[in-house]
Amino acid sequence: MNIRRMTSRAPAWPDATNTRAAAAIALVAVAAGGAWALTTTRRTRRADKQRPDMPALAGGKGIHVERTVTIQRSPAELYQVWRDLERLPELMTHVESVTPTDGGRSRWIMRGPAGIRLTWEAEMVADEPGRLIAWRSVGDGDVEHAGSVRFTPAPGDRGTEVKVILTYAPPAGRIGADVASLYGMSADQDVREDLRRFKQRMEAGEVATSAPARSARVPELAGRT
Amino acid sequence: MRALTWHGPRDVRVSRVPDPEIVNPRDAIVKVTATAICGSDLHLYNGVIPTMRAGDVLGHEFMGEVVEVGRGGAALRAGDRVVVPFTIACGACWYCREGLTSLCDNSNPNAHMAEGLYGFSGSGLFGYSHLYGGYPGGQAEYVRVPFADKGPLPIPPGLSDEQVLFLTDVLPTGYMAAENCGIRRGDVVAVWGSGPVGLLAMKSAYLLGAERVIAIDRWPARLRLAESGAKAETLNYEECGDVVEELKQRTGGRGPDACIDAAGMEAHGTTLDAWYGRAKQAVGLATDRSHALRQAIQACRKGGTVSIPGVYGDLLDKFPLGVAFAKGLTMRMGQTHVHRSLRPLLEHIEHGRLDATFIVSHRWPLSRAPEAYRIFNDKADDCTKVVLDPSA
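Basis of the calculations
Residues numbered from 1 in each chain as written. Chains lettered and ligands numbered in written order. Predicted model: local features only at pLDDT ≥ 70, side-chain atom pairs only at ≥ 80, totals over all residues. Pairing = 2+ DSSP bridges. Helix = DSSP H or I, 4+ residues; strand = E, 2+ residues; numbered from the N terminus. Axes fitted to C-alpha atoms, helices over the stretch in contact; angles between N-to-C directions. Contact = placed C-beta atoms within 7 Å. Core = buried A, V, L, I, M, F, W, Y, C linked by C-beta atoms within 7 Å. Buried ≥ 20, exposed ≤ 12 C-beta atoms within 10 Å, placed from the backbone. Domains from an automatic or database assignment. Nonpolar A, V, L, I, M, F, W, Y, C, P; charged D, E, K, R; others polar.

Participant: Any chance you could break down the sheet that holds strand β16 (residues 330-333) of chain B for me, citing the residues and the numbers?
Facilitator: All names here are of chain B. If you trace the six strands from one edge of the open sheet to the other, you get β13-β12-β11-β14-β15-β16, paired in parallel fashion. Edge positions in the sheet fall to β13 (233-236) and β16, since each has one partner strand and no second. With strand direction ignored, the average angle separating the axes of adjacent strands in the sheet is 20°. Where strand β11 (residues 188-192) lies against strand β12 (residues 212-217), five bridges are found, and the strand directions are parallel. Across the sheet, residue V188 finds its bridge partner in β12, namely R212. Sitting on the sheet, helix α6 (residues 196-207) touches β11, β12 and β14 (258-261), and the angle it makes with β12 is about 170°.

Here it is in structure tokens:
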């Protein structure tokens, strides 16, 4: 991608005094922004422990992704699609399979970077029809994982706000130790694109593509009305 | 099939490319019977729109015959004669339901690129860079049309291709530009740029009740067309020293009630700030030249409306926001919501109230498209609008 960002190349007032002043302002702004980000993160993490849709892993380590999208469907319809965890691979690019195991639990297999397969067992920790689904990994897995999806009616006739929160953390000293560094770069973007495709399927009934037929990957969402 | 492909600034060629195929259920394939070069294609031609790739098929003004329909494109049948909106819209998202189809949430597969640049993405467009979806365009023998059950409008028999071809873009664009002016009885509307969009904005302004329309340009042929085809008064900015003052004088000191910038980011001008804008654009310091827009803001009467159908791509400097604020102006802009005005405009055409064919200056075979781009870009041969025949 080669988008020209003119902002970085356009010195509006290329005057030495002003440049120094601008640099100083930028430094202060960065410092202030950094401090704000730190305090905000801490506050969020404290809040995590009190809410079932804000899954937190021990010590707040790992990757934390939060994304929201508004979809022109009712909370009940959208909840229905997510409720069947076995169908999560249709919604989330990197989840290869979710298979039910004993005691209401499920075995997850995720494709990690460079073809690595990561697996763990998860249990549902919240299930409020039309509102919230939350799950987290249990026992000894390759990755400590927790996730949730919340459905909130948007104001007016704007549909439903769907918020997905996912956290991944490597268990101490295990193979997944590099997950954060390998995966962290793209996790946010992956979730954003996953949600975009979900929205397209639920609203338009198909995923937009400009690729020619032979190379287009257009999996359909089974059972969509 | 044969198609007009982009290879770099001022380098377009007629090439052989693979035929399009149905990909998604709601797709249709249209055999193009007529296609036109748009003024905004010249932005691509000149290389000022980012994310173009060598081999991209251009063209977003096209119509033709449906030859194949996906299993979800129920509204259309093979054999239907249709015009195709240049904006691709799903018809189901909140924006589409509100009639804001050029802001469709679901039709740009490269939405992340637009989000990177603008924070949000509008709809996908045919043949208009990867930023807008990378969809192959309509200056070709065949086109794949996504969401074909929502976009293409079947055309009743008895109307020629040329009578309805401009429903795809320039006619709704000119119309929306005039609509955005909120025209009331007695209004004087000034239009910068007498290209096809400007000319059709002038006609639409009269249709919507304007009392007087003033066309501003520098090309005598275009000004003649504004006079003869759109019944506008004309103002040649190269001959009149101060456009803003001249407009004031022509409107009893008030200024036009509404001003339309149908020139956009490659606007020409002769004043110092116009040359400054050109120089900056030439060295890559700013993507947009804003000369026409600046004049529109300065000329508009207090409390008036500035409507911007002209395309802007990125940042703008020397923008007289203080003037706009001091005069309490309303500004309206954006890509055209083609779908919502298709039927009303078709009705105007059928009843003889609106005829856009006067903008056509050249009817050429697709094989001569590269030459057509050159003369259109150079405003040579009094070129205002080229219609291409893809079969020739």
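On we go from here.
Participant: If you had to explain the sheet that holds strand β4 (residues 56-57) of chain B to someone new, which residues and values would you point to?
Facilitator: Sheets are built from strands paired through backbone hydrogen bonds, the pairs being either parallel or antiparallel. Residue and element names in this part refer to chain B. Strand order in the open sheet formed by three strands is β2-β1-β4, and the pairing between neighbours is antiparallel. With partners counted over all chains shown, the strands left at the sheet margins are β2 (11-16) and β4, one partner each. Of the pairings in the sheet, the one linking strand β1 (residues 2-8) to β2 comprises six bridges and is antiparallel in character. Bridge pairing in β2 links L4 to V14. In the packing of helix α13 (residues 369-378) onto the sheet, contacts are made with β1 and β2, and the angle to β2 comes to roughly 160°.

Participant: Describe in detail the nonpolar core, supporting the description with residues and values.
Facilitator: Ranked by size, the top nonpolar core spans 122 residues in total, and within it B:V189 and B:V191 carry the most contacts. Both domains that furnish three or more residues to this core are identified here as domain 1 (2-169 + 336-389) and domain 2 (171-333) of chain B. Residues A:L78, A:V81, A:I133 and A:A169 belong to the second largest nonpolar core, which totals 28 residues.

Participant: Hey, could you go over the domain arrangement of chain B for me, with residue numbers and the actual values?
Facilitator: Residues and elements named next belong to chain B. Along its sequence, chain B is organised into domain 1 (2-169 + 336-389) and domain 2 (171-333). Here domain 1 and domain 2 have C-alpha centroids that lie 25 Å from each other. Counting residues at the interface gives 25 residues for domain 1 and 21 residues for domain 2. Here the side of domain 1 that touches domain 2 takes five residues from helix α12 (residues 338-350), the largest share from any one element. Looking at side-chain class alone, the side of domain 1 that touches domain 2 contains 11 nonpolar, nine polar and five charged residues.

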